[in-house]
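Structural features, examined
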Amino acid sequence: MRHRLAIAATILATLLSAGSAAAQDKVKVVATFSILADLVKNVGGDRVEVAAIVGPNGDAHVYAPTPADAKKLSEAKLVIANGLGFEGWMTRLIKASGSKAANVVASKGVKPRKAVGDHDHGHAEGDPHAWQSVANVKIYVGNIRDALIAADPAGKAGYAANASAYLGKLDVLDREVRVEVARIPADRRRIITTHDAFGYFKDAYGLDFIAPQGVSTESEVSAKDVAKIIAQVKKQKIPAVFLENVSDPRLLKRIADETGAKIGGTLYSDALTDEKSDAPTYIDMMRHNIRTLSAALVS
């Protein structure tokens, strides 16, 4: 009996050791925010261990890195950022961490969109929200795939297959968005959001987003800006305003109260939600957004 127990204990220890080794063998990747982390998971699959610096419902514009973030970077083999000026704190964090990880900009190859008018506070490079166009995210996926292959050549076939499968899902998503937009009457394709995060969506799909706050949520909105938006909503008969999960809702509620525009729901701009809410993945986020817009604007 003791002999059997000893054998069982040895087998269990071996299995646990193998599991631990497998976990250690995973490529440690740090993504700067939740949307990017989801893309990495889809391309990396079981070979990667992904950590996001700014998690679900977090606002990367105003994020303040912590010592725990520096530790994540110091342990990573690969660090993936959005670029386009989105993570203003990233250079300092990398320096503080002493990280030797390869640094990759997921948006490399995307045609940057210039911020319009006065709404470029905090982003000299222009508008960083390139993921609001599915076509741009396909560029992200290619860059992530290539970065993972460079970091882990043994996983090349898997990364290529995962990326190809995910790109197919993005093609389906892009068609869904276009079908929903086509349902919205042309004279109702104007909406108000908190900050100017949907410019790439506007350019790709033909909806007009108006925002009192610029491409960054760092800047305060002046009374003059609010008055200007209220006048615009009344003049153009803009039908709905939409909240965001990374912004203070009070501003839009005030605009809705003073104009009679209805609150059409919550859109997800810069962050995913946790698993229990509407947008735990990028594809879920885009589907939720276009369905929410369509439901409020089609009448």
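Presented here is a report on the structure given in the accompanying data block. (Residues numbered from 1 in each chain as written. Predicted model: local features only at pLDDT ≥ 70, side-chain atom pairs only at ≥ 80, totals over all residues. Heavy atoms only, no water.)

**Points about the pattern of salt bridges**
The full count for this structure, using the stated rule, is twelve salt bridges. Here Glu75 and Lys71 are joined by a salt bridge, their closest N and O atoms 2.6 Å apart. Separated by four residues within a single helix, Glu75 and Lys71 lie in helix α3 (residues 67–75), roughly one turn from each other. Relative accessible area serves as the criterion here: at 40%, Glu75 is assigned to the partly exposed category. (Salt bridge = Lys/Arg side-chain N within 4 Å of Asp/Glu carboxyl O. Helix = DSSP H or I, 4+ residues; strand = E, 2+ residues; numbered from the N terminus. Buried < 20%, exposed > 50% of the residue type's maximum accessible area, 1.4 Å probe, protein only.)

**Notes on the packing of helix α6 (residues 156–183) against helix α10 (residues 282–297)**
With their axes 9 Å apart at the nearest point, α6 and α10 run at an angle of 5° to one another. Taken together, the axes of α6 and α10 lie roughly parallel to each other. Residues Tyr166, Lys169, Leu170, Val172, Leu173, Glu176, Val177, Glu180, Val181 and Arg183 of α6 form the contact with α10, whose own contacting residues are Tyr282, Ile283, Met286, Arg287, Ile290, Arg291 and Ser294. (Axes fitted to C-alpha atoms, helices over the stretch in contact; angles between N-to-C directions. Parallel < 35°, antiparallel > 145°, perpendicular 65-115°, else oblique. Contact = heavy atoms within 4.5 Å.)

**With respect to the packing of aromatic side chains**
The full count for this structure, using the stated rule, is seven aromatic pairs. Judged by centre distance (5.1 Å) and plane angle (70°), the ring pair of Phe86 and Trp131 falls under edge-to-face. Residue Phe86 is found in the loop between β3 (78–81) and α4 (90–97), and its partner Trp131 is found in the loop between β4 (102–105) and α5 (134–151); the two are separated by 45 residues along the sequence. Accessibility classification places Phe86 together with Trp131 in one group, the buried group. (Phe/Tyr/Trp six-rings, centres within 6.5 Å; stacked < 30°, edge-to-face > 60°.)

**Some thoughts on the nonpolar core**
Ranked by size, the top nonpolar core spans 72 residues in total, and within it Ile80, Trp131, Leu170, Phe201, Tyr282, Met285 and Leu293 carry the most contacts. Considering each element in turn, this core owes the most residues, nine residues, to α5. When near neighbours in sequence (up to four residues on either side) are disregarded, Phe201 contacts Gln132, Val177, Gly206, Leu207, Phe209, Met286, Ile290 and Leu293. Ile229, Val233, Val241 and Ile255 belong to the second-largest nonpolar core, a separate cluster that totals 14 residues. (Core = buried A, V, L, I, M, F, W, Y, C linked by side-chain atoms within 4.5 Å.)

**Side note on the sheet that holds strand β8 (residues 262–267)**
As summarised here, the arrangement of the four strands in space is β6-β5-β7-β8, forming an open sheet in which the pairing is parallel. Whereas interior strands pair on both sides, the edge strands pair on one side only; in this sheet they are β6 (208–210) and β8. Between one strand axis and the next, the sheet turns by 35° as a mean value, whatever way the strands run. The sheet contact formed by strand β7 (residues 240–244) and β8 spans five bridges and is parallel. By the bridge assignment, Leu243 is partnered in β8 with Thr266. Relative to the sheet, helix α9 (residues 250–259) contacts β5 (190–193), β7 and β8, its axis offset from that of β7 by approximately 170°. Sheet strands touched by α10: β5, β6, β7 and β8. Its angle to β8, the strand with the most contacts, is close to 170°. (Pairing = 2+ DSSP bridges.)

**A few points about the side chain of Asn143**
Positionally, Asn143 belongs in helix α5. Within the structure, the side chain of Asn143 is placed 2.8 Å from the backbone oxygen of Lys108, a separation counted as a polar contact. Those residues within four positions of Asn143 in sequence are excluded, and the remaining contacts are Val104, Val105, Ala106, Ser107 and Lys108. (Polar contact = N/O pair within 3.5 Å; in protein donor to acceptor, adjacent residues only side chain to side chain.)

**With respect to the environment of Ala182**
Within the fold, Ala182 resides in helix α6. Taking the C-alpha atoms as reference, Ala182 lies 9.3 Å from Gly206; in sequence the two are 24 residues apart.

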